[in-house]
Amino acid sequence: MLKKSGFLILLGLALVFSTACRRSIPEESPVGPPQTVENDVSEEAETDSLEAESVERVYYVLYLKHRDQPYIFSDTYSIREDAPELEDRSLAAFVVEQLINQQGMGELVNPIPPETQLLSILQDGRSTTVNLSSDFSDNMTGSIEDTEATIAMLVNSLITLPGIDRVILQIEGEIPAEINGLAVRGVYEFVTDYYPDK
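What you see is a predicted model; the values in this text were computed from it and never measured.

## Details of the overall build of the chain
A tally of regular secondary structure across the chain gives five helices and eight strands. Scored against the burial criterion, the 198 residues of the chain give a buried share of 33%. Considering only intrachain contacts with a sequence separation of at least 6, the fraction spanning at least 24 residues in the chain is 59%. Of the accessible surface of the chain, which amounts to about 12600 Å², a share of 54% is contributed by carbon and sulfur atoms.

## Structural notes on the sheet that holds strand 5 (residues 127-132)
Strands sit in the order 4-5-6 across an open sheet of three strands; the sheet is mixed. The sheet is open, and its two borders are formed by strand 4 (118-124) and strand 6 (166-171), each paired with just one other strand. When strand polarity is set aside, the average angle formed by the axes of neighbouring strands in this sheet is 15 degrees. Where strand 5 and strand 6 come together, six bridges link them in parallel fashion. The partner of T128 across the bridge, within strand 6, is V167. Sheet contacts for helix 5 (residues 144-159): strand 4, strand 5 and strand 6; angle to strand 6, the most-contacted strand, approximately 135 degrees.

## Here we look at unusual backbone geometry
At E172, a position not held by glycine, the phi torsion is positive, near 50 degrees. In this structure, E172 sits in the loop between strand 6 and strand 7 (178-179).

## Points about helix 5
Its 16 residues give helix 5 an end-to-end C-alpha distance of 22 Å, which sits within 8% of 22 Å, the value for a rise of 1.5 Å per residue. Within helix 5, 14 of the 16 residues are buried, which leaves it mostly tucked inside the rest of the structure. Capping the start of helix 5, S143 holds a side-chain oxygen 3.3 Å from the backbone nitrogen of E145, two or three residues further along.

## Details of the sheet that holds strand 3 (residues 108-109)
Spatially, three strands are ordered 2-1-3 in an open sheet, and the strand pairing comes out antiparallel. One side of each edge strand has no neighbouring strand; the edge strands of this open sheet are strand 2 (72-80) and strand 3. Pairing between strand 1 (residues 57-66) and strand 2: nine bridges, direction antiparallel. What sits directly across from Y63, in strand 2, is S74. Contacting strand 1 and strand 2, helix 3 (residues 91-101) runs over the sheet at an angle of about 30 degrees to strand 1. Each of strand 1 and strand 2 touches helix 5; the most contacted strand, strand 1, lies at about 175 degrees to it.

## Here's the deal with the pattern of salt bridges
One pass over the full model with this rule turns up seven salt bridges. The salt bridge partner of K65 is D146, with a shortest N-O separation of 3.3 Å. A residue pair is termed long-range when its members are at least 10 positions apart, and K65 in strand 1 and D146 in helix 5 qualify at 81 residues. The same class applies to K65 as to D146, namely buried.

## What to know about the packing of aromatic side chains
Scanning the model with the defined rule gives four aromatic pairs in all. Ring geometry for Y60 versus Y77: centroids 5.7 Å apart, planes at 20 degrees, classification stacked. You can see Y60 sitting in strand 1 and its partner Y77 sitting in strand 2, a full 17 residues away along the chain. Note on Y77: relative accessible area 27%, which makes it partly exposed. Seen from their ring centres, Y60 and F94 are 5.5 Å apart, and the 85 degrees between their planes marks the pair as edge-to-face. Of this pair, Y60 sits in strand 1 while F94 is found in helix 3, placing the two residues 34 residues apart along the sequence.

The rules behind each value
- Residues numbered from 1 in each chain as written.
- Predicted model: local features only at pLDDT ≥ 70, side-chain atom pairs only at ≥ 80, totals over all residues.
- Heavy atoms only, no water.
- Helix = DSSP H or I, 4+ residues; strand = E, 2+ residues; numbered from the N terminus.
- Buried < 20%, exposed > 50% of the residue type's maximum accessible area, 1.4 Å probe, protein only.
- Contact = heavy atoms within 4.5 Å.
- Areas by Shrake-Rupley, 256 points an atom, 1.4 Å probe, with all protein chains shown as cover.
- Pairing = 2+ DSSP bridges.
- Axes fitted to C-alpha atoms, helices over the stretch in contact; angles between N-to-C directions.
- Expected span 1.5 Å × (residues − 1).
- Polar contact = N/O pair within 3.5 Å; in protein donor to acceptor, adjacent residues only side chain to side chain.
- Salt bridge = Lys/Arg side-chain N within 4 Å of Asp/Glu carboxyl O.
- Phe/Tyr/Trp six-rings, centres within 6.5 Å; stacked < 30°, edge-to-face > 60°.

So this is what it looks like as structure tokens:
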């Protein structure tokens, strides 16, 4: 009986001692969660960065013409959707302005008269009406083929944008009968006649 009570007392003391020891050690949060939180934050930042890169860029095409031949050549550009240049204008208006102002390179030139101004641009369904200043028609130079290649630069740059299948060209609010001897069409679709590999 004495042995049993001694054993029970020892067992009780062991339990009290182990409980006291456990309480005296301050409880700390495991090391894992803070690292997990940091990883989650950096993973979120990477995801946001990837989404920003994929969602916020818009691609567009500009054309230049060969200096001596009526051939056009394209180059692809991109701009962020939230760029200040797109704040007060449509992507189509931005592309036309970029096309008018772009510089030539090497054998490629921009035949659009530099005085040309975009007066307005209006989209109706999948058709876009581009209204240019009379400088476009009055100062156009070169042959009839050169003029048509220049119009093709404008038309094709717009038709490569989403939602545009047809372009109507106006000068000072009217469709001109001709520009530099070239009869102007009422509606243009993508022009394939001025590519060197056709």
